[in-house]
Amino acid sequence: MNSMNDGGTTNESFQRAISQRYLQYALSTIMHRALPDARDGLKPVHRRILFAMRELKLGPNSGFRKSAKISGDVMGNYHPHGDQAIYDALARLAQDFNMRYPLVGGQGNFGNIDGDNPAAARYTEVRLTEVAEALLEGLAENSVDFQNNYDGTLTEPVVLPGSLPNLLANGAKGVAVGMATDIPPHNIGELCDACLHLLKFPDARGGTLTSKVLGPDFPTGGVIVDPAETIKAIYETGRGSIRLRAKWDMEKLHGRNWQIIVTEIPYQVKKSELIERIATLILDKKVPALADVRDESADDVRVVIEPKTRNVDPKILMETLFRSSSLQVNVPVNMNALVDGRTPKVCSLKELLQIFLNHRRDVLVRRSRHRVDKIDRRLEVLEGYILAFLNLDKVIEIIRFHDEPRAKLIREFDLSEIQAEAILNMRLRSLRKLEELELRKEHDALLIERASLEDLLASDKLQWGGISDELRGIKERFGAKAAGGGRRTTFAKPPRVEAEVLEEPAENEPVTVVCSKMGWIRAMKGTLPLGQEFKCRDGDEGKFVIHAETSEKLLLFGTNGRFYTLKVSALPDGRGYGEPVRVMIDLPNEADIVSLFAHDPSKRLVVSSAFGFGFKVSEEDVVASTKNGKQVLNVQMPDEARACVRVNGDLLASVGTNRRLLVFPLDELPEMARGKGVRLQKYSESHELSGLKTFPSSEGLKWIDPAGRVRTVRNLEKWMGRRASAGRVPPHGFPSQNKFT
């Protein structure tokens, strides 16, 4: 409950006060900073920059003005934030490597693809481009609403008329409170084709629009290597990621020598950092087939990559670099925008195009009504002029001899205030016969134009037809036929080179991998006895001992349900205690290692959580390509991944901490690539899974008893049951810790 104390302050709950103020901050960030408007594709700062430049009459054909002048005007009149933030936004609008269709024409140093910053605002000059002019077209014709600026002294547009789909054409990127947006740039010609298709077929499915919009079109070019189905799914849902890689070619040298030339790099990748990363790979000998890299770029990108030997397959070498550097990136797609200037929504391609078309219709209707009003005012004046010409002598007499000619004209000829004022302001040289003919001609032309506008306002078909004509004009101005309007980003089939052939094969030597309970791992040369005791750090002990070869990979299964992949050749040698496995992979500190074994792509696994949910999965489907691993078994606290065993037979045995054993056919367990799975064995709330084992029914169930002897039970009828049953007490001699080994 709130109350006022003597000091005039309000006492209220701290939690309530913080929640209310944070919500206000979140809404302000979403609406006024981070998310673009789906109608014109601009954030407030960009809209204010373009509007301020229009007010300064900095059109495409005008002279340039200092960027500092623009930043100052925007900050003082519309955007009361730091001038550096405004200049950064202004500079980005002029960068042709960031904007597919720059909205600001720059003169001076506006940064480069290497990542260098623009020069100071006092050194650079700007003006609007033709694309920006198209966004502002019709602003003076009451096409959009205006609002007061921050101090109420001026007005600014709520949204720009936007005669082209700028949100998709130039894309957008921003992070708000609890949400973000990542919209890649596209080709204007393709977007216009998609809009025209949508106007012709309003019920067209989103998937059919991908025949018009092939995919993003980045200003720096590059090659998209995702299949069309992936791009289609992204456009239908508004979310996903697109694999974009550099464009390259093999350049032949004298003899049989050759080198690789990279001519286009992925969007928003800094060239200097890319070259530095490749150089690091050479120094660290991570790509043994690579000899050198150098930058020979001038106006165009030209990065030279030299192989160590001409016998290397250039495709395999580039696939290696694509996996090891930012020559290939995943471009996120999250088409989140303010659909009505206020409501954030993740939209599909069709929804964004429809929002743009609806906005253009609103603009067309408002401009037409504004023009009708303007014609009506002009017709009123023209009718007064014509009436004056018809009664010229009388009008002149009234003006010469009456003290109040304005009132006399109104009474004498039944004129309006506006007509009388226009007649009194008429110049003498206009009282010519030729001028009367021109007035009548203008009057007739305006009547025809007004009739056509009335027809337009009364007909939806004519309105959409007018928008179609506008779109064809935009395509003609900025599409493939215009300079720089052609598609820059191309497409290629997904790479088919397997990961195993991308790297120089390591020498195939036998090793013994030892991983301790605390996660310290090392590879010792030779095949050592598995039962041997291995030296560990104080308070630690051995947990996994595996025979492997240096050319193999290890699969590590964590209690978080993720599989991680380790190369045996990359493991530390047997000297000392090894290294923590968490240095090599991103295994969280709260997660433990469930299982560690050598990878065999021909095998299948059974994974299960502590609560007894699991499924079968192919080992090929669990191999991870990054340090972050691959999520396979979905678990939520307090549940965790508990078991991972290889499929070896047709039966599965499950035992819980309640000391109940259940055996059932493996066929009852589904095979999945990822998920929670199905229930293996039923437990009460206080019990969970303790052990799993697969085995052939012909050999019976085996386990090792406390004395170290192998025990076998062939008649399993007593413990056989259906999946998700509770099970029965294990046979006599089964280990008290409820483990099979």
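All values reported here derive from a predicted model rather than from experimental measurement. Sequence order as written defines the numbering, with residues in each chain counted from 1. Only residues with pLDDT of 70 or above have their local features reported here, since the model is predicted, and side-chain atom pairs are shown and tallied only from 80 upward, although totals for entire chains, interfaces and linings are computed over all residues. Side-chain numbers come from the whole structure's heavy atoms, not from hydrogens or water.

**Section: the packing of aromatic side chains**
- Aromatic rings from Phe, Tyr and Trp, with only the six-membered ring used for Trp, were paired whenever their centres fell within 6.5 Å, and each pair was classed as stacked if the ring planes differed by under 30 degrees, edge-to-face if by over 60, and tilted otherwise. Going through the model one piece at a time under the given rule, you end up with six aromatic pairs.
- Look at Phe51 and Phe146: their rings are 6.0 Å apart centre to centre, the planes differ by 65°, and that puts the pair in the edge-to-face class. Placement of Phe51 in helix α2 (residues 44-55) and of Phe146 in strand β6 (residues 146-148) is noted, with a sequence separation of 95 residues between them.
- Only protein chains enter the area calculation, which uses a 1.4 Å probe; residues under 20% of their type maximum are buried, those over 50% are exposed, and those in between are partly exposed. Look at Phe51 and you get buried, because its relative accessible area is 4%.
- By way of ring pairs, the aromatic residues Phe51, Tyr78 and Phe146 are connected into one cluster.
- We count a charge as sitting over a ring when the NZ of a lysine or the CZ of an arginine lies within 6 Å of the ring centre and within 35 degrees of the ring normal. Across from the ring centre of Tyr101, 4.6 Å away, lies the NZ or CZ of Arg100, which sits over that ring. Counting from the N terminus, the helices are the DSSP runs of H or I reaching at least four residues and the strands are the DSSP runs of E reaching at least two.

**Things to note about empty space enclosed by the protein**
- Lining residues are defined by having an atom within 4 Å of a point belonging to a cavity or pocket. Those points lie on a 1 Å grid over the protein atoms alone, cavities being sets where a 1.4 Å probe fits but cannot get out and pockets being open sets with protein on both sides within 12 Å along at least five of seven lines. Grid points are joined across faces, edges and corners, and a volume is the space filled by probe spheres set on the points. Applying the stated rule across the entire model yields one cavity of 30 Å³ or more.
- Of the volumes computed, that of the largest cavity is approximately 50 Å³.
- Counting residues per element, the lining of the largest cavity draws most heavily on helix α6 (residues 166-170), at three residues.
- Within the lining of the largest cavity, the residues separate by chemical class into seven nonpolar, two polar and two charged. Residue classes follow a fixed rule: Ala, Val, Leu, Ile, Met, Phe, Trp, Tyr, Cys and Pro count as nonpolar, while Asp, Glu, Lys and Arg count as charged, and any other residue, Gly among them, counts as polar.

**A word on the packing of helix α12 (residues 392-401) against helix α13 (residues 405-413)**
- Contact geometry of α12 with α13 gives a least axis separation of 9 Å together with a crossing angle of 150°. The two elements α12 and α13 meet at a crossing, and its hand is right-handed. When α12 is examined against α13, the residues Lys394, Val395, Ile398 and Ile399 are found in contact with a partner set consisting of Pro405, Lys408, Leu409, Glu412 and Phe413.
- Residue composition of the contact of α12 with α13, grouped by class: six nonpolar, no polar and three charged. Axis definition: a line fitted to C-alpha atoms, limited for helices to the stretch in contact. Angles are taken between N-to-C directions and run from 0 to 180 degrees. What makes a crossing left-handed is the near helix being turned counterclockwise from the far one by less than a right angle; a clockwise turn instead makes it right-handed. By definition, residues are in contact when any of their heavy atoms lie within 4.5 Å.

**Observations regarding the pattern of salt bridges**
- Salt-bridge detection follows one rule: a side-chain nitrogen of Lys or Arg within 4 Å of a carboxyl oxygen of Asp or Glu. The full count for this structure, using the stated rule, is 37 salt bridges.
- Notably, a salt bridge pairs Arg367 with Glu141, separated by 2.9 Å at the nearest N-O pair. Highlighted residues: Arg367 in helix α11 (residues 349-390) and Glu141 in the loop between α5 (130-136) and β6, separated in sequence by 226 residues.
- On the basis of relative accessible area, Arg367 is assigned to the buried category, the value being 19%.
- Within this structure, Glu251, Arg294, Glu296, Arg302 and Glu306 form a network of salt bridges that share partners.

**Looking at the sheet that holds strand β24 (residues 562-567)**
- Only strands that DSSP links by at least two bridges are regarded as paired with each other. Pairing is antiparallel across the open sheet formed by four strands, whose spatial order is β26-β23-β24-β29. Single-partner strands in this sheet number two, and they are β26 (593-598) and β29 (630-631).
- Here five bridges tie strand β23 (residues 553-558) to β26, and the two strands are oriented antiparallel to one another. From the neighbouring strand, Leu555 faces β26, where its bridge partner is Phe597.

**Some thoughts on the layout of surface pockets**
- Reported here for the second largest pocket is a volume of approximately 1100 Å³.
- In this structure, the second largest pocket is lined by 48 residues; those nearest its centre are Arg92, Gln95, Asn98, Lys173 and Gln268.
- Those elements that place two or more of their residues in the lining of the second largest pocket are α1 (14-34), α2, α4 (83-93), α6, β8 (172-175), β9 (180-183) and β16 (328-334).
- Among the elements that take part in the lining of the second largest pocket, α4 stands out by supplying seven residues, more than any other.
- The class makeup of the residues in the lining of the second largest pocket is 23 nonpolar, 17 polar and eight charged.

**Description of the environment of Met672**
- Position of Met672 among the secondary structure elements: in the loop between β32 (661-665) and β33 (678-679).
- Placed 20 residues apart in sequence, Met672 and Leu652 show a C-alpha to C-alpha distance of 17 Å.
- The contacts of Met672, once residues within four sequence positions are left out, are Phe615, Lys616, Val617 and Gly677.

**Looking at the pairing of β24**
- Of all the six residues making up β24, five are buried; the element is thus mostly covered by neighbouring parts of the structure.
- Pairing of β23 with β24, which is carried by five bridges, proceeds in the antiparallel orientation. Its bridge partner lying in β24, Phe557 is registered against Phe563.
- Taking the residues that link successive antiparallel strands as the turn, the β23-β24 hairpin has three residues, and the phi of Gly561 there is positive, at about 85°.
- Where β24 lies against β29, two bridges are found, and the strand directions are antiparallel. Its bridge partner being in β29, Phe563 is matched across the sheet by Lys630.

**Some remarks on the pairing of strand β5 (residues 125-128)**
- Residues Val126 and Leu128 of β5 are buried on one face, while the alternating residues Glu125 and Arg127, pointing to the opposite face, are not.
- Of the pairings in the sheet, the one linking strand β3 (residues 65-66) to β5 comprises two bridges and is antiparallel in character. Bridge assignment links Arg65 to a residue of β5, and that residue is Val126.
- Bridge count for strand β4 (residues 104-107) against β5 is four bridges, and the pairing is antiparallel. Considered in β5, the bridge of Val104 is made with Leu128.

**Some points on the sheet that holds strand β14 (residues 290-295)**
- Taken in spatial order, the four strands make up an open sheet running β12-β13-β15-β14, and their pairing is antiparallel. The sheet is open, and its two borders are formed by β12 (247-252) and β14, each paired with just one other strand. In this sheet, adjacent strand axes meet at a mean angle of 25° when their direction is disregarded.
- Across six bridges, β12 lies against strand β13 (residues 258-264) in antiparallel orientation. What sits directly across from Asp249, in β13, is Ile261.
- Its contacts with the sheet place helix α9 (residues 271-283) against β14 and β15 (303-307), and it is angled at close to 160° to β14.

**Observations concerning the side chain of Ser459**
- Turning to its location among the elements, Ser459 is positioned in the loop between α15 (433-458) and α16 (460-478).
- Here Ser459 falls in the buried class, since its relative accessible area comes to 19%.
- A polar contact is formed between the side chain of Ser459 and the backbone nitrogen of Leu462, at a distance of 3.1 Å. N or O atoms closer than or at 3.5 Å make up a polar contact, with two conditions inside protein: a donor-capable atom paired with an acceptor-capable one, and, for residues adjacent in sequence, both atoms drawn from side chains.

**Some thoughts on helix α7 (residues 188-200)**
- What a helix should span is 1.5 Å times the count of its residues minus one. Under the 1.5 Å per step criterion, the end-to-end length of α7 is 18 Å for 13 residues, consistent within 8% with the ideal 18 Å.
- Most of α7 is tucked away: 10 of the 13 residues are buried.
- Buried-residue contacts for α7 involve α6, α11 and α16.
- The backbone nitrogen of Gly189 has a side-chain oxygen 2.9 Å away, supplied by the residue at the start of α7, namely Asn187.

**Section: the state of the cysteines**
- Any pair of cysteine sulfurs within 2.5 Å is marked as a disulfide. Taken as a whole, this structure holds zero disulfides when the rule is applied.
- A disulfide-free cysteine, Cys195 has its sulfur positioned 6.3 Å from the sulfur of Cys192, the nearest such atom.

**Let's talk about the confidence of the model for the protein chain**
- The predictor reports its confidence for every residue as pLDDT, a score running from 0 up to 100. On average, residues of the protein chain score 89 in pLDDT, and 94% of them reach the 70 mark or higher.
- Counted against residues more than four places away or in other chains, residues 497-502, with its pLDDT under 50, gives 10 contacts.

**Description of the side chain of Arg39**
- Mapped onto the elements, Arg39 comes out in the loop between α1 and α2.
- Within polar-contact distance, the side chain of Arg39 engages the side chain of Asp37 at 2.8 Å.
- When neighbours within four sequence positions are excluded, Arg39 is seen to be in contact with Val159, Asp340, Gly341, Ile355, Phe356 and His359.

**Regarding unusual backbone geometry**
- That bond from Met637 to Pro638 is cis: its omega, 10°, falls within 30 degrees of zero.
- Tracing the backbone through its elements, the reader meets Pro638 in the loop between β29 and β30 (641-646).
- One non-glycine residue, Lys57, adopts positive backbone phi at about 60°.
- For Lys57, the location among the structural elements is in the loop between α2 and β3.
- Residue class for Lys57 comes out exposed when judged on its relative accessible area of 68%.
- Backbone geometry places Asn142, a non-glycine residue, at a positive phi of 55°.
- With respect to the helices and strands, the residue Asn142 is situated in the loop between α5 and β6.
- Take Asn142: its relative accessible area is 42%, and that puts it in the partly exposed class.

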